[in-house]
Amino acid sequence: MAYGYISSALMWSAFAAVLLTGAAQFASAESQNLETDDVWVVEGETATISCRVKNNDDSVIQLLNPNRQTIYFRDVRPLKDSRFQLVNFSENELRVSLTNVSLSDEGRYVCQLYTDPPQEAYADLTVLVPPGNPIMEAEEDVVTEGNETEMSCTTSSSKPPAKIRWLKGAQELQGVSRVEDNYDSMYTVSSRVRVTVTKEDDGVAVRCVVEHPAIKDFTAQKILEVQYKPEVKISVEYPKGLTREGENLELTCRTRGKPQPQEVSWIKVDDDVPPHAVITGSELYIENLNKSFNGTYRCVAANSIGEAYDDYILYVYDAPTTPPPPSTAPPTTITTTPLPDTTQESVPSSDPALHDSRAGEGVQRSVDHAVIGGVVAVVMFAILCALIVLGRYFARHKGTYFTHEAKGADDAADADTAIINAEGGVTHSDDKKEYYI
């Protein structure tokens, strides 16, 4: 009985020792943390793979390739590939570099720590292949204003697929892209965009921008060449103010277009240009203006795209007159206000804007018929006021004048009787009578 008891005790002790040993080994393996990082590298450059251990207890570290062949066991390289080089080896790290990386090197590399059980960490090596230079093509080299044109951009042999963006100046354009997978795991990307052009787009660059993680942006561009019909603007060279009789008129027709207008002509709407007017290319010169020249003068320009014109309305004012001599009245100062200057910078415009010489551009008005008329009106008003005052005066002093003669004189038989009967005369008392012989 005693022997059996001892044997059972020894057996349980041995079993407990085994369990404690296994638990210690498991705790040791779990306390050692193995880690690594994924790597991206451009084809032909150098990649570095790092296997790192925390709390290492002298366990062995090794690095395996995607085929699970040992590249480095501790600091020893069993694999005969000289592109792998040891960068650092210590108890806590095994760092290896791979030069001149190719697509065949891509895959999952394994960091392995010899514990019980062994630990593994995985580093995915991704090889980036930059795209080729973009090729940009246009449907047409020269575009007419208002038309639509199509452009395409293609880049090939990239991994992963590139992205293509379109820009017109600083404006983002929306293109349509297509990705093709080549047999060698490369990608070809093409994109198309349609653009409606205006005359303002002439000389503007349209750019195809290729984006890829292996490179900075690749760019290809094409400069837009847009043709448009002429823009016409008439500018007044002389006079700078009102056009008056006897003066001269000089107009210049400024044009712009693509192609540049070669034909510029002057006409007078609904009439003939004055016979002595001088037309020299884009300039019109008329001497000694008079009111018979009033009307609309038009400059017409044309190129292969179309025709445009601008109008100038001529209105001839009376010649300036000499002011009348000063009168005895106190001098009156007449202040004239310049008319607003409506002259604009001569920038060609395709819209037929009207120019009117009646506008008067920045000229002080001199004393003319209007001033003389005002003076005459003031004089007439003064005369009228004087007549009214005199009329009222005579009206107030007009009436019947009465004397104090006796009212009974008409009925009296003689003078004495009339005097006696007169009102306000001598009283009827007898002692007041007087007689004249």
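Calculation rules
Residues numbered from 1 in each chain as written. Predicted model: local features only at pLDDT ≥ 70, side-chain atom pairs only at ≥ 80, totals over all residues. Heavy atoms only, no water. Pairing = 2+ DSSP bridges. Helix = DSSP H or I, 4+ residues; strand = E, 2+ residues; numbered from the N terminus. Axes fitted to C-alpha atoms, helices over the stretch in contact; angles between N-to-C directions. Phe/Tyr/Trp six-rings, centres within 6.5 Å; stacked < 30°, edge-to-face > 60°. Lys NZ or Arg CZ within 6 Å of the ring centre and 35° of its normal. pLDDT = per-residue confidence, 0-100. Contact = heavy atoms within 4.5 Å. Buried < 20%, exposed > 50% of the residue type's maximum accessible area, 1.4 Å probe, protein only. Polar contact = N/O pair within 3.5 Å; in protein donor to acceptor, adjacent residues only side chain to side chain. Core = buried A, V, L, I, M, F, W, Y, C linked by side-chain atoms within 4.5 Å. Disulfide = S-S within 2.5 Å. Salt bridge = Lys/Arg side-chain N within 4 Å of Asp/Glu carboxyl O.

## Some remarks on the sheet that holds strand β11 (residues 143–144)
Pairing between the strands of a sheet is mediated by backbone hydrogen bonds and can be parallel or antiparallel. Reading across the sheet, the five strands line up as β11-β19-β20-β23-β22 and stay open at both edges, with mixed pairing between neighbours. Looking along the sheet, the strands with just one partner apiece sit at the ends: β11 and β22 (278–280). Relative to strand β19 (residues 226–238), β11 runs parallel, the two being bridged by two bridges. If you follow threonine 144 over to β19, its bridge partner there is glutamine 227.

## Re the sheet that holds strand β14 (residues 171–173)
In space, the four strands of this open sheet follow the order β14-β13-β17-β18, with antiparallel pairing throughout. The open sheet has two free edges, formed respectively by β14 and β18 (218–223), since each of these has just one partner strand. Strand-to-strand, the axes of this sheet are offset by a mean angle of 25°, without reference to chain direction. Inspection of the sheet shows strand β13 (residues 163–168) paired to β14 by three bridges, in the antiparallel sense. Bridging from a neighbouring strand, lysine 168 pairs with glutamine 171 of β14.

## Topic: the packing of aromatic side chains
For the coordinates displayed, the defined rule picks out three aromatic pairs. Over the ring of tyrosine 122 we find arginine 108, and its NZ or CZ is 5.2 Å from the ring centre. Sitting over the ring of tyrosine 309, arginine 298 keeps its end group 4.0 Å from the ring centre.

## Let's talk about the confidence of the model for the protein
Considering every residue of the protein, the mean pLDDT works out to 80; 72% of them sit at 70 or more. For the stretch residues 327–353, pLDDT sits under 50, and the model shows 43 contacts to residues farther than four places along the chain or on other chains. In this model residues 424–432 is a low-confidence stretch, pLDDT under 50, and it forms six contacts with partners more than four residues away in sequence or in other chains.

## A closer look at the side chain of threonine 188
By secondary structure assignment, the location of threonine 188 is in strand β16 (residues 187–196). By relative accessible area, threonine 188 is classed as buried at 15%. Reaching out from threonine 188, the side chain makes a polar contact with the side chain of asparagine 182 at a distance of 3.2 Å.

## Observations concerning the pairing of strand β5 (residues 70–73)
If a strand is regular, its side chains alternate between the two faces of the sheet. In the sheet, strand β4 (residues 61–64) pairs with β5 via three bridges, with the strands oriented antiparallel. Paired with leucine 63 across the two strands is tyrosine 72, which belongs to β5. Remark: five residues form the turn of the hairpin made by β4 and β5, two consecutive strands paired antiparallel; arginine 68 in that turn has positive phi of roughly 60°.

## What about the nonpolar core?
In this structure, Leu63, Ile71, Phe84, Leu94, Tyr109 and Leu125 are the most contacted members of the largest nonpolar core, which totals 24 residues. Contributions of two or more residues to this core are made by β2 (39–42), β3 (47–54), β4, β5, β7 (93–98), β8 (107–113) and β9 (119–128). If we ignore the near neighbours within four places in the chain, the residues touching leucine 63 are Ile49, Cys51, Gln69, Thr70, Ile71, Tyr72, Leu94, Val96, Tyr109, Val110 and Cys111. Counting residues in hydrophobic clusters, the runner-up holds 19 residues, among them Val232, Trp266, Leu284 and Ala301.

## Section: the state of the cysteines
A complete count under the given rule lists three disulfides for this structure. One disulfide bridge connects cysteine 51 with cysteine 111, the sulfur atoms lying 1.8 Å from each other. Residues cysteine 51 and cysteine 111 share a disulfide whose torsion about the S-S bond is about -70°; that sign makes it left-handed. Highlighted residues: cysteine 51 in strand β3 and cysteine 111 in strand β8, separated in sequence by 60 residues. Pair check on accessibility: cysteine 51 and cysteine 111 agree, each one buried. There is a disulfide in this structure between cysteine 153 and cysteine 208, and the S-S distance comes to 1.8 Å. Judged by the sign of its S-S torsion, about -65°, the cystine formed by cysteine 153 and cysteine 208 is left-handed. In this pair, cysteine 153 sits in strand β12 (residues 148–158) while cysteine 208 sits in strand β17 (residues 205–211), placing the two residues 55 residues apart along the sequence. Classification of cysteine 208 as buried rests on a relative accessible area of 0%. Regarding the disulfides, the protein carries the connectivity 1-2, 3-4, 5-6 under sequence-order numbering of its bonded cysteines.

## Details of the pattern of salt bridges
Enumeration according to the criterion identifies 23 salt bridges in this entry. A salt bridge links lysine 168 to aspartate 201; its shortest N-O distance comes to 3.5 Å. Linking lysine 168 in strand β13 with aspartate 201 in the loop between β16 and β17, this pair joins segments that are 33 residues apart in sequence. Grouping residues by exposure puts lysine 168 and aspartate 201 together as buried. Residues arginine 298 and aspartate 311 are paired through a salt bridge, measuring 2.7 Å at the closest nitrogen-oxygen approach. Of this pair, arginine 298 sits in strand β24 (residues 295–302) while aspartate 311 sits in strand β25 (residues 307–314), and the two are 13 residues apart along the sequence. Each of Glu148, Glu150, Arg192 and Arg194 takes part in one network of salt bridges that share partners.

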